[in-house]
Amino acid sequence: MARMKGGELIAEFLAREGIEHVFGLCGHGNVGMLDALHAVRDRVRMISPRHEQTAGHMADAYFRVKHKPAATLTSCGPGSANLVMALANAYADSSAFLALTANVPTQQFNRGPFQELYRQKEADFPSVCRPVVKRSFQPTRVEMLPSALRLATDTMLGGRPGPVQVDIPFNLFQEEADVAVEPSSQATTARRSGAAPDDVAAAAAMLRRAERPVLFIGHGVTLSEAAGELVALAERLTIPVISSPNGMGCMPMAHPLSLGFIGRNGVFAANQAGRHADLVLAIGARFDDRSASSWIEGYSWNFPAAKLVQVDLDVTEIGRNYTADLGIVADAKVFLRQLLAEFDRAGAERAERRAWLASIAGWRQEWAAFTGPNFAIDTSPLRPEPVVAAVRSVLPDDAILSLDSGVHHNWFMQFWEARRPQTMLNAWGFSGMGFGVSGILGAKLAAPDRPAVSVCGDGGFTMTPHVLCTAVEYQIPCVWVIWNNFVWGAIRDIQYGLFDGREYQTGFYDGTNNKPYNPDFAALARAHGVDGATITRIADLAPALEHAIASNRPWVLDVHVDANVRPPATGTWALPPLPHKEPVFGHASTAADIAAGRRG
């Protein structure tokens with residue numbers, strides 16, 4: 001053991017664990033830790049954005065791209081409170097980072113010093129974070145730091161990943177003790193659990209018997225880095241693959257067996273396949289309301305008429321929304337390898353499903369005939385479909401695309417083709433606005449040789465525009481494509497659809513004259529030292545984006561998009577007790593409808 005300050009121990013722990021980046025902001029509560037990080041700056045780089053929310057989103061996106069964690073550092077009180085939204089966003093999407101939050105000195109606990117939360121319990125900030133982290137630790141002596149950091153790291157990365165908080169009173173950064181760094185078990189302990197052999201055999205038997213099977217994959221497949229095994233299984237059994245947003249790219253979406261997203265703004269063929277399937281093998285996917293048309297029978301899925309085999313690392317997700325005929329607790333990559341080995345051993349899998357694939361091909365053709373002509377429409381402001389196509393035409397397969405929530409995200413869910421895993425970053429479960437805008441900075445730091453583009457709404461961008469400062473300060477060459485439609489588009493569309501078209505406080509207007517208003521985003525970018533251009537013609541978008549990426553500098557493209565063209569719903573989404581809307585294209589079909597030959 002050596003005599004060390006707590007801050008020195010934390011800094012050394014980060015360096016030894018290979019945590020290469022700390023995203024954080026200064027404050028009086030963590031200034032002692034800043035001094036310790038200065039001493040290891042050649043091994044751990046600190047990036048200081050202008051807001052703690054951005055720091056958290058950067059760490060979240062960094063992990064999604066690299067599958068290695070970063071840390072955040074925030075001060076006591078409002079500094080760490082600003083981090084909560086980013087913690088929630090990461091927690092909901094099973095993304096991990098180590099949140100180091102500062103607190104008041106232990107000598108002042110329960111006296112109500114500056115920025116202490118004390119009315120329920122002394123130094124009570126961990127209670128704020130507990131619902132949005134896997135575990136919260138609050139060491140109160142330097143001697144407690146080694147085990148707290150070790151356990152926090154093991155918890156963060158063990159099983160289903162997620163953010164973890166270590167709340168550190170100020171005095172621990174400066175006080176000394178005889179301590180030693182305790183390494184986590186990440187380098188020595190396998191974290192992949194497998195399925196029981198009988199369950200693997202049972203799943204294989206169900207797949208052999210199925211006439212209309214589909215695979216439904218989620219973030220669990222991405223996190224397990226199981227894309228190769230997934231493609232091998234789908235091709236071997238000729239099973240089509242439906243993806244949740246955070247699973248997109250594991251099966252290249254240009255692959256003939258890839259159906260894309262399912263749900264209200266899913267692809268027609270995906271919803272049709274979900275309705276008609278007789279077996280669904282779900283791997284690392286949650287069946288949330290948006291990928292299940294709010295669990296209303298016949299819109300995306302038809303359980304229990306269809307059999308469900310649900311595989312997940314987290315046992316609490318199995319059977320949460322649909323009863324599984326076979327539930328398996330296992331890592332996605334291990335399970336897929338076990339299943340492939342079972343078919344190697346037993347053989348006799350069904351190799352052809354011609355009628356099923358022919359039905360899917362027909363649904364694809366119907367959807368292409370309906371949507372295809374819209375990609376050729378040239379308008380100003382721009383029609384959404386050509387915007388998605390222009391971005392796709394420029395970005396290489398390994399480019400990183402980040403998206404916030406908003407109507408632009410709905411368009412990308414339907415028409416984007418992710419061709420590799422860890423290339424499409426979505427705020428899905430918690431849907432935090434600002435994730436895509438801020439996270440792209442962390443994504444670029446995780447993969448500096450790959451283009452990094454944030455497609456973000458005008459509303460989301462104006463929540464976190466200070467990302468431009470960080471891009472300039474640290475020379476991070478990201479591109480922001482602002483989907484500028486002068487409105488909170490997704491919410492206004494709900495008003496139009498469910499509240500008789502009454503728009504109230506969802507559009508952006510200049511005073512009372514009803515003229516659409518937004519800042520000149522290109523000029524705003526230039527004021528920050530970032531290059532910027534305004535795009536009002538579709539012919540200009542692809543060349544401008546290509547130039548922005550090639551420049552290797554931060555860029556903003558202010559793209560004016562028509563807010564009055566809405567994504568064509570192929571499923572539904574319910575906000576009870578309001579009645580849900582019917583699909584714009586296609587029809588709901590229950591198992592009884594399909595059996596009777598109605599609407600199928």
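Check the entry above for the structure.
In this report, we go over the structure that sits alongside the text. Just so you know, these numbers come straight off a predicted model, no measurement behind them.

## Considering the pairing of strand 15 (residues 400-403)
Residues Ile 400 and Ser 402 point to one face of strand 15 and Leu 401 and Leu 403 to the other, with burial holding for every one of them. Strand direction decides the pairing type here: strand 15 and strand 16 (residues 424-426), joined by three bridges, are parallel. Across the sheet, Leu 403 pairs through a bridge with Asn 426, a residue of strand 16. Read from strand 15 through helix 16 (residues 407-415) to strand 16, the crossover connection turns out right-handed.

## A look at the environment of Pro 146
Its place among the elements puts Pro 146 in helix 7 (residues 145-157). Looking at Pro 146, the relative accessible area reads 4%, which means it is buried. Here the alpha-carbon distance between Pro 146 and Pro 477, two residues 331 residues apart in the chain, equals 37 Å. Sequence-distant contacts of Pro 146, defined by excluding residues within four places in its chain, comprise Leu 9, Val 179, Ala 180 and Glu 182.

## Some remarks on the pattern of salt bridges
Considering all chains together, one arrives at 29 salt bridges under this definition. The closest approach of N and O atoms between Arg 192 and Asp 331, which form a salt bridge, is 3.3 Å. Highlighted residues: Arg 192 in the loop between strand 8 (176-179) and helix 9 (197-209) and Asp 331 in the loop between strand 14 (326-329) and helix 13 (332-346), separated in sequence by 139 residues. A relative accessible area of 43% means that Arg 192 is categorised as partly exposed. The salt bridge involving Arg 502 is made with Asp 500; its shortest N-O contact spans 3.4 Å. Its relative accessible area of 52% is what places Arg 502 among the exposed residues. For Asp 500, a relative accessible area of 67% translates into the label exposed. Through salt bridges that share partners, Arg 160, Asp 314, Glu 317 and Arg 320 make up one connected network.

## Things to note about the packing of aromatic side chains
In this structure the tally under the stated criterion is 21 aromatic pairs. With centroids separated by 5.5 Å and ring planes inclined at 90 degrees, the aromatic side chains of Phe 261 and Trp 428 adopt a geometry described as edge-to-face. In this pair, Phe 261 sits in the loop between strand 11 (258-260) and helix 12 (268-276) while Trp 428 sits in the loop between strand 16 and helix 17 (435-446), placing the two residues 167 residues apart along the sequence. Among the residues examined, Trp 428 registers a relative accessible area of 6% and is labelled buried. Their ring planes at 85 degrees and their centres at 5.3 Å tell us that Phe 375 and Phe 415 sit as a pair that is edge-to-face. With a gap of 40 residues between them, Phe 375 in the loop between helix 14 (354-371) and helix 15 (384-394) and Phe 415 in helix 16 connect regions that are remote in the sequence. Judged by relative accessible area, Phe 375 falls into the partly exposed class, the value being 30%. Three or more aromatic residues joined by ring pairs make a cluster, and in this case those are Phe 268, Trp 367, Phe 370, Phe 375, Trp 411, Phe 415 and Phe 585. Over the ring of Phe 137 we find Arg 135, and its NZ or CZ is 4.4 Å from the ring centre. The side chain of Arg 290 reaches across the aromatic face of Trp 428, ending 3.6 Å from its centre.

Parameters at a glance
Residues numbered from 1 in each chain as written. Predicted model: local features only at pLDDT ≥ 70, side-chain atom pairs only at ≥ 80, totals over all residues. Heavy atoms only, no water. Buried < 20%, exposed > 50% of the residue type's maximum accessible area, 1.4 Å probe, protein only. Helix = DSSP H or I, 4+ residues; strand = E, 2+ residues; numbered from the N terminus. Pairing = 2+ DSSP bridges. Right-handed = clockwise from strand over helix to strand, strands pointing away. Contact = heavy atoms within 4.5 Å. Salt bridge = Lys/Arg side-chain N within 4 Å of Asp/Glu carboxyl O. Phe/Tyr/Trp six-rings, centres within 6.5 Å; stacked < 30°, edge-to-face > 60°. Lys NZ or Arg CZ within 6 Å of the ring centre and 35° of its normal.

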